[in-house]
Amino acid sequence: MKVKTSLSCLSIAIGGILSLSAHADILLSQYVEGSGYNKAIEIANTGDEARALDGYTLAKSTNGNGEWGNKLSLDGRSIPAHGVLVIANSQAGGDILAVSQETNTTVLNFNGNDPIALLRNGAVHDVIGTMGGNDFAKDVTLVRQSNQLTPSPTYVESQWLTAGKDNIDGLGAVDSPVSSFTCEGESFISIQEIQGEGNRSPLLSGSSNTTDQQYTVQGVVSAVTTGLTKGFYLQALENDYNSNTSEGLFIYTGQSAADLKPGDVVCAKGKVKEYYDLTELSADNHQWVKQGEQQPPQATDVALAEGDDNFAQTLERYEGMLVNLPSSLDMRVTRTFSYDYDARRNNMVLAQGRLNAQPNQNFVAGSEQAKQQSLDNAQHRLFIESDQIADDGKIPYYPQFGRSDADQDGSTEDYIRVNDTLSGAQGVLTYSYGEYRLIMTNTLTQDNFVHNSPRRASPQLKNGGDLRIATFNVLNYFNSPFGGDANPYGSNRGAKSAGEFEIQQEKIVRAILQLDADIIGLMEIENNGFGDGGAIHQLVEQLNQQIDKPENRYHYVAIDSNQDGTIDSRDTVGTDAITTGLIYRNQHVSLTTPRIIHMPSQQAPAVYDKDGNMIEDGKNYQRDTLAPTFKVSSSNGTEQTLTVAVNHFKSKGSACWEDAAAVENGGQGQQDPDFQGSCENFRVAAAVALGEALKTIEGHQVILGDLNAYGKEDPLLVLTDYTPEKYGKTIHAARDTFINGKPQFGDQGADITHGYGYISAVSMIHPDNWSYSYNDEVGSLDHILISPSLKMHVIDATDWHINAAESSLFDYNNKHKGDLPKYRDQYRASDHDPAVLELKMGGSVSGVLLVSLFGLLAIRRHA
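Calculation rules
Residues numbered from 1 in each chain as written. Predicted model: local features only at pLDDT ≥ 70, side-chain atom pairs only at ≥ 80, totals over all residues. Heavy atoms only, no water. Helix = DSSP H or I, 4+ residues; strand = E, 2+ residues; numbered from the N terminus. Expected span 1.5 Å × (residues − 1). Contact = heavy atoms within 4.5 Å. Phe/Tyr/Trp six-rings, centres within 6.5 Å; stacked < 30°, edge-to-face > 60°. Buried < 20%, exposed > 50% of the residue type's maximum accessible area, 1.4 Å probe, protein only. Core = buried A, V, L, I, M, F, W, Y, C linked by side-chain atoms within 4.5 Å. Disulfide = S-S within 2.5 Å. pLDDT = per-residue confidence, 0-100. Polar contact = N/O pair within 3.5 Å; in protein donor to acceptor, adjacent residues only side chain to side chain. Domains from an automatic or database assignment. Buried area = accessible area lost by both parts, 1.4 Å probe. Salt bridge = Lys/Arg side-chain N within 4 Å of Asp/Glu carboxyl O. Nonpolar A, V, L, I, M, F, W, Y, C, P; charged D, E, K, R; others polar. Pairing = 2+ DSSP bridges.

As for helix 6 (residues 368–380)
At step 1: Taking 1.5 Å per residue as the helical rise, helix 6 with its 13 residues ought to reach 18 Å, and the 18 Å between its terminal C-alpha atoms agrees with that figure.
At step 2: Looking at the buried side of helix 6, the elements it contacts are helix 4 (311–316), strand 22 (345–352), helix 5 (359–362), strand 23 (381–385) and strand 48 (777–779).

Structure representation (structure tokens):
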């Protein structure tokens, strides 16, 4: 329970401010942000006379967006001398409503990241919280200290004491808690005894997550945190020399420990809790006291031990400690610094000893191996955090990130890439949002990173080819807002300003020039036709301005979709705002047949939940495939036929009929048990449509593009070597699909019995390939599949890691970038990496390789 002051003591505390204006008597005195709708605000009058609240307004800034968007006028109300006004949410618990004078559901519907202000004549008179969306007071009660009864237009954290969630002690009275805790006469328990050797404190009984008893500990402060966690971290004063017990412990205080610093010796008392699996001591009511000072603790190296089953178990042994990540741990960046939607903040993710591969990249979707991969990923993962939410364009613990360009080559030397090894990072190890997190306490430089996969100015391919083919997702290249032709199918998805578009275009052009490919399939280019103002026309113009030799200039495949005998801005590929495109140079290939392969649409019945609400209308669509045929000429005078099918299959993010039906009527269980995302059955239908269409076309064939499927997911298996016997699973195509108006499958869909025999060129040469990074997992969504007839012609194939490996802070848009310099290089031109295939169409590959062995191979023609 809180310790209360009497009204006479309170009068003494405020005596010094009675000479101020009457408005200094009116202030916010208590804030309750409890479970559910348990929200309340207490406004106090500390003066000796009643005060009218005319001109005052209680206001909320949603998510700290900088505006006081929700307001409650307090005109006509008054507060008696030394009295309070309590306003609560109308659905708050009865104990809160019992001490409230009125209710409200707009302002009194706040979360821990919504600042609350008392406005006077429109100006901020007193405030709780800060702008910017940080969780300054989530799941806590804040009570104004009795010696801090002065309203402030800026939030002063030290004025407030913190109690746990749903604690309403003192609500409805002008009292304030005062700590009289001294630690004298307390019986101490060691930090190691609280932590124990397992995942939970041994002091907890049964399934309870909080002890009935309070415990008192001593230690030296290693870090004070007020953002991601609110309190301080104590390091044990004595080592117990047991590697299975942590020497550190988090002391939860809320926000009132800002006067502590590393090196302070502190005594703290409270109940031991497993707060969402973080072992902590909850020192409510200011039950801690500084007892002295010593040298701040040194960070302890995290070390793997033979007895640890996994890295997560290793981290548990260091929970709450100040630690260092030595180079021997081989901590790999598996997600660069970007937004974490779970924790709602920017951070970075490391994986111990490897990258975290998407479960279906190397293992069949739904298999036990894929499920184990997902579990292994979780057990290798460590988030790297700053205590406070980062400012736009900045990594708080790496202040030089993206700031330097010492050699003035247009690229920064201070970058972080997926697969970099990070060492020397120091911080306190905590656990929140279901993950281990290192809250950084030191500053990093480029010297802390080893670039295991350094930046490459161009794709690294073996020499000897005479035809290069690539796939490139250009991330919403839209020119219609900037003088291009209008888009008949949707609004702008790309750059939001001419300046952003200029940078986007320059990055894409540089990347394509460095690809140096003869045929390039494009995805996410604007579908605004083939006129002079079309996006693909403008892109080719920009490319050719940089190319001197006419034979190396690019052309694009145009389609007379209206069949009116002309090709112009009215002709499009499909009916989405984005489309597929193909550019080529005619030095070695000549276009013979432009072609579209229509992809299926789904026209299924609507799906309703148990309450009769429609959750899916059953109408889904895919982008059509552009599949032109070329004649390929080679140095030995032969000509061969090659069809290149450029695809962008249905997204994983939007639900199709099968996804909605899985949760129809409140269906239970995991909605994505095989990690394929949404619409995998619909993508299977597209794979079948593509395979069947290509069977009717003679010659070599290449399927490329963003298939929105990882290496061992159902659509890829169907296009390659699937049989039910080989993979031990039945692959099912979506129901009610139609191709160009004709039924593909009936209302039961179809079980697929065979694959189409294509070969993944990149994974054939690089089994650990990847082209995309999502959350902290990498895998290939961008594929180059070849017909078996091309296998003997393959020299090399690879992913060029210029995009997925790089931080999104380097992309073209200005959102969340702050004052970070803009770079016009090819890095982060998109979010997908290009994949590249090198073929030798003249002569046999075996002969080329034999010559290469003797060092007689000439420098490839592209040099």
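Things to note about the packing of aromatic side chains
Where two aromatic rings form a pair, the distance of their centres and the angle of their planes describe that pair.
At step 1: As enumerated under the stated definition, the model contains 18 aromatic pairs in all.
At step 2: Between Y31 and F110 the ring centres are 5.1 Å apart and the planes differ by 20°, which places this aromatic pair in the stacked class. In this pair, Y31 is assigned in strand 1 (residues 26–33) and F110 in the loop between strand 8 (102–103) and strand 9 (116–120), connecting sequence segments 79 residues apart. In this structure, Y31 and F110 share a single accessibility class: buried.
At step 3: Look at Y339 and Y341: their rings are 4.9 Å apart centre to centre, the planes differ by 80°, and that puts the pair in the edge-to-face class.
At step 4: A relative accessible area of 38% places Y339 in the partly exposed class.

Overview of the nonpolar core
The tendency in soluble globular proteins is for nonpolar side chains to be buried side by side.
At step 1: Core analysis: the biggest nonpolar cluster contains 74 residues, and I43, L58, L325 and L382 have the highest contact counts within it.
At step 2: Beyond its immediate sequence surroundings of up to four residues, L325 is in contact with V302, M331, L350, L382, I384, S423, G424, A425 and L438.
At step 3: L475, Y556, L704 and M841 belong to the second-largest nonpolar core, a separate cluster that totals 64 residues.

Quick look at the state of the cysteines
At step 1: By the definition in use, this model includes two disulfides.
At step 2: What pairs with C183 in a disulfide is C267, and their sulfur atoms sit 1.2 Å apart. Of this pair, C183 sits in the loop between strand 12 (160–163) and helix 3 (191–195) while C267 sits in strand 16 (residues 264–275); the two residues are 84 residues apart in sequence, bridging distant segments of the chain. With respect to class, C183 is no different from C267; both count as buried.
At step 3: Between the sulfur of C656 and that of C679 lies a disulfide, 2.0 Å long from S to S. A torsion of 100° about the S-S bond marks the disulfide between C656 and C679 as right-handed. With C656 in the loop between strand 40 (639–648) and helix 9 (657–662) and C679 in the loop between helix 9 and helix 10 (680–694), this residue pair connects regions lying 23 residues apart in the sequence.
At step 4: Given a relative accessible area of 0%, C656 falls into the buried group.
At step 5: When the cysteines of the protein that form disulfides are numbered from the N-terminus onward, they connect as 1-2, 3-4.

Some remarks on the confidence of the model for the protein
At step 1: Averaged over the protein, the pLDDT score is 91; the fraction of residues at 70 or greater is 93%.
At step 2: Predicted confidence for residues 1–20 stays below pLDDT 50, and this span has 35 contacts to residues more than four positions away or in other chains.

Comments concerning the environment of S411
At step 1: Residue position: S411 is located in the loop between strand 23 and strand 24 (421–422).
At step 2: A relative accessible area of 11% means that S411 is categorised as buried.
At step 3: When neighbours within four sequence positions are excluded, S411 is seen to be in contact with S404, D405, R455, Y823, D825 and Y827.
At step 4: Engagement of the side chain of S411 in a polar contact is seen with the side chain of D825, the distance being 2.6 Å.

Some points on the domain arrangement of the protein
At step 1: Taken domain by domain, the protein comprises domain 1 (26–163), domain 2 (191–297), domain 3 (311–399 + 419–451) and domain 4 (467–839).
At step 2: Its C-alpha centre places domain 1 at a distance of 38 Å from the equivalent point of domain 3.
At step 3: At the interface, five residues of domain 1 touch four residues of domain 3.
At step 4: For the pair domain 1 and domain 3, the two sides together bury roughly 260 Å², of which 38% comes from carbon and sulfur.
At step 5: For domain 1, the biggest contributors to the area lost against domain 3 are N113, N134 and D135; these three give 69% of the whole.
At step 6: Taken together, domain 1 and domain 3 are joined by zero salt bridges.
At step 7: At the surface where domain 1 touches domain 3, the tally comes to zero residue pairs in polar contact (both at pLDDT 80 or more).
At step 8: When its residues are assigned to classes, the side of domain 1 that touches domain 3 shows no nonpolar, four polar and one charged.

Concerning the pattern of salt bridges
Opposite charge on two side chains lets them pair, provided their charged atoms get close.
At step 1: Inspection of the entire model under this criterion finds 39 salt bridges.
At step 2: For D819, the salt bridge identified is with R403, shortest N-O distance 3.0 Å. Here D819 is found in the loop between strand 50 (794–799) and strand 51 (835–839), whereas its partner R403 is found in the loop between strand 23 and strand 24, with 416 residues between them in sequence.
At step 3: The exposure class of R403 is partly exposed, given its relative accessible area of 26%.
At step 4: Here K652 and E713 are joined by a salt bridge, their closest N and O atoms 2.7 Å apart.

A short note on helix 10
At step 1: Taking 1.5 Å per residue, 15 residues should reach 21 Å; helix 10 reaches 21 Å between its end C-alpha atoms and fits that length.
At step 2: Counted residue by residue, helix 10 has 13 buried out of 15 residues, so it is predominantly covered.

With respect to the sheet that holds strand 2 (residues 39–45)
At step 1: Pairing within the open sheet is mixed, and its six strands lie in the order 8-7-2-1-11-12. The strands lining the two open edges of the sheet, one partner per strand, are strand 8 and strand 12.
At step 2: Note that strand 2 and strand 7 (residues 83–88) share six bridges and pair antiparallel. Bridged to I41 within strand 7 is I87.

Section: the side chain of N89
At step 1: You can see N89 is positioned in the loop between strand 7 and helix 2 (94–97).
At step 2: A relative accessible area of 1% places N89 in the buried class.
At step 3: Polar contacts involving the side chain of N89 include one to the main-chain amide nitrogen of Q91, which spans 2.8 Å.
At step 4: Within polar-contact distance, the side chain of N89 engages the backbone oxygen of L108 at 2.6 Å.
At step 5: The contact partners of N89, leaving out residues within four places of it in the chain, are Y37, K39, L97, T103, N104, T105, L108 and N109.

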